[in-house]
Structures are given as structure tokens and as C-alpha cells.
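# Commentary on secondary and tertiary structure
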Amino acid sequence: MDLRYTEDEEAFRARLKQWLAKAVPELPPAPDPLDWPGRRAYDTAWQRMLYGAGYAGLHWPADAGGRGATPTQHLIFLEETERAGAPYVGANFVGLLHAGPTIAAEGTAEQRARWLPPVLRGDEIWCQGFSEPGAGSDLASLRTRAVRDGDHYVVSGSKIWTSHAEVADWCELLVRTEPVSEAVPKHRGISWLAMPMDAPGVTVRPLRTLAGSTEFAEMFLDEVRIPVTDRVGAENDGWRVTMVTLSFERGTAFVGEVVACRRTLGELARTARENGRWEDDPALRRRLGRLGAEFAALWRLTQWNVSESQGGGGGGGFAVPGIGGSVFKLRYSQARQELYEAAAEVLGPDALDLAHPWNQDRLSSLSYTIAAGTSQIQQNIVAERILGLPKER
């Protein structure tokens, strides 16, 4: 792996910075963080600006509507948009980071033509319907049932922690198309469907998080009819397709957040100098210094993972992240929590003010060791697939 950027990559960076310097100041004021309809409108407007400038789906294959840029150029894009204070993917993160890449890698030509352009243009928002009340970390235990009826599946069941369900147009949905039996282990018999959120029988009930936000929801499905043509991958092959989705979720979905955390760390150091904590608390200085090294190492790990995927390619011309994403996800989740614990130290009494953005981030950071696969699951993956240790019984 060469950690240096080429002349062409630096030229790409320069062009991007020039565009961002003009585009970001033209953005309207950001909406209230808890106003998800407003955030949808804001995030999709930014996506349309990216699309118009040729930066939407930068690293997606050209035949999927992207620019076919290298993963390294994508890293540069994430670095510079974060440094410029540009919006992140926001309400469109499932479509851009999970469902879209999965469809690009595993979908048919017709499916790619139907779903990918609206995601890249910001016209349609996706949500994720994976977890269930009894199937979180043990996702293969899902029970939402899809029964074939001619050219449709009839789906009944429930999902939970469905990201952005109340503002979504489509859902990447995992269903059981064959019951578990002695002949069918629970990892088989699962299919990956694309479900329109306005289909009859879909009920969404928002869930309020500890931070007061409602980006998650319960979703109830009562005999929802989904065309068989909206299945991505073969029937009962959904677990393999899901592993592709989770590879994107763990491997690249948090990359922009690492850049944001490094910026936050610099703000913490400046605030500590301003309020006197820097001079008075050598332990805090050591803690911030260690976190600086931690996030620098995570960025280098990201570059390594990108180099690996760039060399290996993937389905549909898409570079699918490898299992190194689990190493990254495991450590990043813990480092993010430590960062915002340090923020509480810097804030002192203001750490009790829940309106402060750092305190909102501190509360949300508690979910990171659960979201996108718990830390325990990531440890199992690292142990079994990287270290070659015996599988857990």
C-alpha cells in the first residue's frame, strides 16, 4: 500500500476543493436535527448539487450511473467534503452506502436501471429493514415471512430499528422465503427484497432515541405484496447478498465519520485551551493525544482497506470491502465513544446541556458498538475469518 497520493489524485483534490469553495456557501441554513422531513429535503438538495457537478456516486461503476473513480479518489472526496463543512449523506445513507452499492453489485441490469439513478439524483430515499425484535445480532433468526403467490411475494412480520422509515420511498428488506428445518439451516431460506414503502399493509411507527431523535422506527408488514422481480439475487440466497450489504456498511459507511471525528478532536483541543483545561489537566492532554494517534491509525486502516478492495474488485464492477472492515468497525466504535467521553471532560458542567452538539453526539455514540453488527459479532468475525480460530459453537 502506498500512502502517498499521485499527481492525478492531487489534481482531482484541487478541482474538488475549488468546487466546494463555491458550492458550500450557497447552501441554505441546515434544518433542525430532529426535523427528518426537513433533513430529507436538505440532504436530497445537496445530493442533486453533487449530481449536477458530477460528484454523485463518484466511486460507483460507470454502468451503475457513477463516475468509476478509484476508491482512493472516493477517500479524497470524503476528506475534502468533510473539511469544507459540506453535508454528509444524512437521510440518504441507506440508499447511497448500503442498498445502492448492493444493487450495483448484485442486481440485474433492469434493477440497476430502475433504482440506482433516483438514488444518485436524490429523488428517492431508502431505509433498512433487517433487524427484528427477536433477531438483532443473530440476524439469521429473522422470522418475517414471504410466501410466493404467482409473480408476487406476500410478506407479513415486523422489523425494528428501521433507519429513516418515515421519510423513505423504498426499503431493503430481508425476509424468510423458506422455513427453518433440519434440511434448511437458518442462514438459508432468506431473500433480499426491495419494498416500496407506500405499499398497502406497511405501517411505520417512529421510535424516539435517547438523544430525542426519531431516525429509527418499528415497521409492521401485513400481507404486503412485493413483485418477484423486486428480489435482488436468487430466492433463498439472501444471506450471501446481505453479507455484501454488511461489507459496505462496515467497510466504507463510516469513513466520512472518521474525518469528522478528527476535526472534532481538534475542536476539543482548542476549547480546552480556551477554558483553561489544557494547562491544568495533563491527563486530559495525554488522552487527547492518544485519541489523535488512534484516529490517525484508523484513517491509515481505512486506506489499507480501500487498497485491498481496489485490488480485488467486486461484483458488478464494484469494489466490495473485505473483512478488514470488521477490524475497522470494532475499533472505530470504541474510539468514537472515548472521543465523546473526552468531550464531556472538556465541557465540564456544560456536559449536562443536551442541546450542545457534542452531547448529542455523545449520546448517539453509545449505539455504535451495537449498530452495523455488535462489537461481539465483529470480534467473532475477526477471530474466525482473520485469525483462523475455531468457530463458536
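What counts as what
Residues numbered from 1 in each chain as written. Predicted model: local features only at pLDDT ≥ 70, side-chain atom pairs only at ≥ 80, totals over all residues. Heavy atoms only, no water. Helix = DSSP H or I, 4+ residues; strand = E, 2+ residues; numbered from the N terminus. Expected span 1.5 Å × (residues − 1). Buried < 20%, exposed > 50% of the residue type's maximum accessible area, 1.4 Å probe, protein only. Arc of directions from axis to C-beta. Contact = heavy atoms within 4.5 Å. Polar contact = N/O pair within 3.5 Å; in protein donor to acceptor, adjacent residues only side chain to side chain. Core = buried A, V, L, I, M, F, W, Y, C linked by side-chain atoms within 4.5 Å.

Once that is clear, we can look at helix H1 (residues 7-23). Three- or four-residue spacings in an α-helix give side chains the same orientation, since the helix completes a turn every 3.6 residues. Between the first and last C-alpha of H1 there are 24 Å, a value that for 17 residues agrees with the 24 Å anticipated at 1.5 Å per step. Of the residues making up H1, those classed as buried are Glu9, Phe12, Arg13, Leu16, Leu20 and Ala23. Summarising the axial view, the buried residues of H1 lie within an arc of 100°, below the 170-degree limit, and thus occupy one face. Turned more than 90 degrees away from the buried face of H1 sit Glu7, Gln18, Ala21 and Lys22, all of them exposed. Residues of H1 that are buried in the fold lie against helix H2 (36-53) and helix H3 (71-83).

Below, the discussion takes up H2. Its 18 residues give H2 an end-to-end C-alpha distance of 25 Å, which sits within 8% of 26 Å, the value for a rise of 1.5 Å per residue. All buried positions along H2 are accounted for by Trp36, Gly38, Tyr42, Asp43, Thr44, Trp46, Gln47 and Leu50. Contact partners of the buried residues in H2: H1, H3, helix H4 (93-106) and helix H5 (109-121). Of the residues flanking the start of H2, the one acting as N-cap is Asp35, its side-chain oxygen 3.0 Å from the backbone nitrogen of Gly38. Where H2 terminates, the next one or two residues include Gly54, which has phi positive at roughly 85°.

Quick look at the nonpolar core now. Inside soluble globular proteins, nonpolar side chains tend to come together where they are buried. Grouped together as the largest cluster of nonpolar side chains are 45 residues, with contacts concentrated most on Trp46, Trp126 and Trp192. Going through the elements one at a time, H1, H2, H3, H4, H5, strand E4 (170-176), strand E5 (190-196) and helix H6 (238-251) are the ones with two or more residues in this core. The element that contributes the greatest number of residues to this core is H4, accounting for 6 residues. Of all hydrophobic cores here, the second largest spans 27 residues; its members include Leu75, Leu284, Leu288 and Leu339.

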